[in-house]
Amino acid sequence: MHLFKPDYYVKSFKYMDINRLKKMNIRLLLCDIDNTLVAFDEPHSNEGVRFFIEMVQSAGIQVALMSNNVKSRTEKFGQALGVRIYSFSCKPFPFTFVKAMKDFGVRADHTALIGDQLFTDMLGGNLAGITTILTAPIVERDKLDTKALRTLERFVFHHYEKKGIMKRGDFDD
Ligand SMILES: [Mg+2]
């Protein structure tokens, strides 16, 4: 098993094929916030994010936010969206994934996570046994602690490309 490999790779949440999620029997979509839905230093959500969440929900898939960031950031961001928020989620550790699935009453094979990082989002989702969706980061800028992980990501992408497993920027949709 390739621990950092996503099941589905998109340029942006905006290009995600919601029908594909339905075909995969996904009933709960967990969304990372920073550099997945908005730039990490953008405090508020926007029309595109609201529209996306509404589209997913109208396909019968429940949505929650799951971020390693602190409550003051995530709640300010998520307030207007009316979805459940899991802050300081400690991805890649599995406990918040387990809690979210329990809260929503959804099994791992019906749960997906969309995120922009291999070492938190993809590793965490794969360890939790859920479907993983990787998106390119919204901006190149990153928080200081993320910068180190991006260096490690480059090694993983390089290795995966050499092995023919996946190629950075070679999106499914
Ligand atoms: Mg992120």
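In the block above lies the structure referred to throughout.
Nothing here was measured: the structure is a model prediction, and the numbers come from that model. (Residues numbered from 1 in each chain as written. Predicted model: local features only at pLDDT ≥ 70, side-chain atom pairs only at ≥ 80, totals over all residues. Heavy atoms only, no water.)

Asker: Report on the overall build of the protein chain, specifying residues and quantitative values.
Answerer: Along the backbone of the protein chain there are six helices and six strands. Along the protein chain, helices and strands appear, N-terminal first, in the series β-α-β-α-β-α-β-α-β-α-β-α. By the compact-globule yardstick of 16 Å for 173 residues, the protein chain fits well, its C-alpha radius of gyration being 15 Å. Taking the principal axes of the C-alpha coordinates as reference, the protein chain spans close to 40 × 35 × 30 Å. Here the protein chain, with 173 residues, has 49% of them falling under the buried criterion. The long-range share in the protein chain, meaning contacts at least 24 apart out of those at least 6 apart in sequence, stands at 68%. (Helix = DSSP H or I, 4+ residues; strand = E, 2+ residues; numbered from the N terminus. Rg over C-alpha atoms; globule rule 2.2 N^0.38 Å. Buried < 20%, exposed > 50% of the residue type's maximum accessible area, 1.4 Å probe, protein only. Contact = heavy atoms within 4.5 Å.)

Asker: How would you explain the environment of M24 if you had to name every residue and give the values?
Answerer: The topology assignment puts M24 in the loop between α1 (18–23) and β2 (28–31). For M24, a relative accessible area of 30% puts it in the partly exposed group. Separated by 86 residues in the primary sequence, M24 and H110 place their C-alpha atoms 7.8 Å from one another.

Asker: Outline the packing of aromatic side chains, supporting the account with residue identities and numerical values.
Answerer: This model, assessed by the stated rule, comprises four aromatic pairs. Judged by centre distance (5.9 Å) and plane angle (0°), the rings of F93 and F95 are stacked. Positioned above the aromatic ring of Y8, the side-chain terminus of R20 is 3.9 Å from the ring centre. (Phe/Tyr/Trp six-rings, centres within 6.5 Å; stacked < 30°, edge-to-face > 60°. Lys NZ or Arg CZ within 6 Å of the ring centre and 35° of its normal.)

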